Amino acid sequence: PDAAVSHYSNTQSIDPSEAKYPLFLAQVQIKQNKIDDAKANLLRSARIDPDQAVAWATLAELALRENKPGVALQHVARARQIEPGVTDWRIIEARAFKRSNKPEDAIKLLVGLDQAERYSPAILQIMGECYGMLSRQADAAAMYAAASEANPSSAAIALSAAEWYVRLNQPEQARKFVQRASVLGDPNAKKMLEQIK
């Protein structure tokens, strides 16, 4: 990483009009946990080329790490304006909405994704947490159940479906999904199955 920092710093000095150098430098600095330096380079990169969605999205991600969801929403809005079809930017925006205590906005942002994306673990987690914030446990359970039916080889999704049905006090439904997780080898499923009985 130190060699990469040196390399990108030098190339940035040689060609200060190239937006990728400060962007790459910032990505290395993030790995080194030099967040202030990274932010400065991301902003430099965005000034050189304002249409770099990744720079704005990375600034949004850093704002979320600093628990500044309002700032994150501003930055990710720029990224989504530039590249509206990128799911990663939508996920960052949904997390920022959730952190801003706007779970309905986060759900609206994600519910329209196609099934393959919507049933990815990251999106399921965000939507499940948002449904929980809204006391819509039945919606979370139904979402995880549908995801488990669509991904029958995922023990983690099946176990999550079971957990939501346990919260709803629906042991039959919970048992169905925890048994699936158990067959798929999830080590926590056996313990949960004993608790459901």
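Reference entry: report on the structure contained in this document. (Residues numbered from 1 in each chain as written. Predicted model: local features only at pLDDT ≥ 70, side-chain atom pairs only at ≥ 80, totals over all residues. Heavy atoms only, no water.)

### Focus on the overall build of the protein chain
Cut-off, in case you're wondering: Comment: elements are numbered from the N terminus, with helices defined as DSSP H or I runs of at least four residues and strands as E runs of at least two. When we talk radius of gyration, it's over C-alpha atoms, and the globule rule is simply 2.2 Å times the number of residues to the 0.38. We call two residues in contact whenever any of their non-hydrogen atoms come within 4.5 Å of each other. Only the protein chains shown count as covering a residue, and every accessible area follows the Shrake-Rupley method with a 1.4 Å probe. The charge count includes Lys and Arg as positive and Asp and Glu as negative, but it does not include His or the ends of the chains. Note on charges: their place is set at NZ of Lys, CZ of Arg, CG of Asp or CD of Glu.
Along the protein chain, the regular secondary structure elements total 13 helices and zero strands. When its helices and strands are written in sequence order, the protein chain yields α-α-α-α-α-α-α-α-α-α-α-α-α. Relative to the globule expectation of 16 Å for 197 residues, the C-alpha radius of gyration of the protein chain, 21 Å, shows a markedly less compact shape. Projected onto the principal axes, the alpha-carbon positions of the protein chain cover approximately 70 × 35 × 25 Å. Once local pairs closer than 6 in sequence are excluded, the contacts in the protein chain between residues at least 24 apart make up 45%. By element, 49% of the accessible surface of the protein chain is carried by carbon and sulfur atoms, the whole surface being about 10,400 Å². Positive and negative side-chain charges of the protein chain, numbering 25 and 23 respectively, have mean locations separated by a distance of 4 Å.

### As for the packing of helix α10 (residues 137-150) against helix α12 (residues 171-183)
The axes of two packed helices give the description: the angle between them and the distance between them. Basically, it comes down to this: Only the stretch in contact is used when a helix axis is fitted, and all axes are lines through C-alpha atoms; the angle between N-to-C directions ranges over 0 to 180 degrees. Small angles under 35 degrees read as roughly parallel and large ones over 145 as roughly antiparallel, with 65 to 115 read as roughly perpendicular and the rest as oblique. Crossings are assigned a handedness: left-handed for a near helix turned anticlockwise from the far helix by less than a right angle, right-handed for a clockwise turn.
For the pair α10 and α12, interaxial distance at closest approach is 12 Å and the crossing angle is 40 degrees. Considering their axes alone, α10 and α12 lie oblique with respect to each other. Two packed elements cross with a definite hand, and for α10 against α12 that hand is left-handed. Touching Ala145, Ser148 and Glu149 of α10 are Lys176, Phe177 and Arg180, all from α12.

### Observations regarding unusual backbone geometry
With phi around 60 degrees, Asn67 is a residue other than glycine that occupies positive phi space. Mapped onto the secondary structure, Asn67 falls in the loop between α4 (53-65) and α5 (69-82).

### Let's talk about the packing of aromatic side chains
In plain terms, the rule: What counts as a ring pair is set by centres within 6.5 Å for rings of Phe, Tyr and Trp (its six-membered ring), and what kind of pair is set by the plane angle: stacked under 30 degrees, edge-to-face over 60, tilted for all other angles. Each residue gets one of three labels from its accessible area relative to the maximum for its type: buried under 20%, exposed over 50%, partly exposed in between, using a 1.4 Å probe on protein chains only. Look at NZ for Lys and CZ for Arg. If either is within 6 Å of the ring centre and within 35 degrees of the ring normal, a charge sits over the ring.
According to the stated counting rule, one finds one aromatic pair in the structure shown. Summarising the aromatic geometry, the rings of Tyr165 and Phe177 are spaced 5.9 Å apart at their centres and angled 5 degrees between planes, so their arrangement reads as stacked. With Tyr165 in helix α11 (residues 155-167) and Phe177 in helix α12, the pair connects residues that are twelve residues apart, well separated along the chain. Here the two residues Tyr165 and Phe177 agree in accessibility, since each one is buried. A cation over an aromatic ring shows up here: Arg118 above the ring of Tyr119, its NZ or CZ 5.1 Å from the ring centre. Over the ring of Trp164 we find Arg167; its NZ or CZ atom is 4.1 Å from the centre of that ring.

### Let's talk about α4
This is how the line gets drawn: By this rule the span expected of a helix is its residue count minus one, scaled by 1.5 Å.
Over its 13 residues, α4 runs 19 Å from end to end, which matches the ideal 18 Å to within 8%, given 1.5 Å per residue. Taken across its 13 residues, α4 has ten buried, putting it largely inside the fold. For α4, the full list of buried residues reads Ala53, Ala55, Trp56, Ala57, Thr58, Leu59, Ala60, Leu62, Ala63 and Leu64. The elements touched by buried residues of α4 are α2 (20-31), α3 (35-48), α5 and α6 (87-99). Residue Asn67 follows α4 closely and has a positive phi angle near 60 degrees.

### Brief notes about the pattern of salt bridges
Rule in force here: Within this document, salt bridges are pairs made up of a side-chain nitrogen of Lys or Arg and a carboxyl oxygen of Asp or Glu, the two lying within 4 Å of each other.
Across all of its chains, the model carries ten salt bridges by this definition. Here Glu149 ties to Lys176 by a salt bridge, and the two come within 3.2 Å at their closest N and O atoms. Of the two residues, Glu149 sits in helix α10 while Lys176 sits in helix α12, which places them 27 residues apart along the sequence. When its relative accessible area of 40% is taken as the criterion, Glu149 is described as partly exposed. In this structure, a network of salt bridges that share partners links the residues Asp36, Lys39, Glu66 and Lys68.

Spatial relationships are all this shows, so hold off on functional conclusions.
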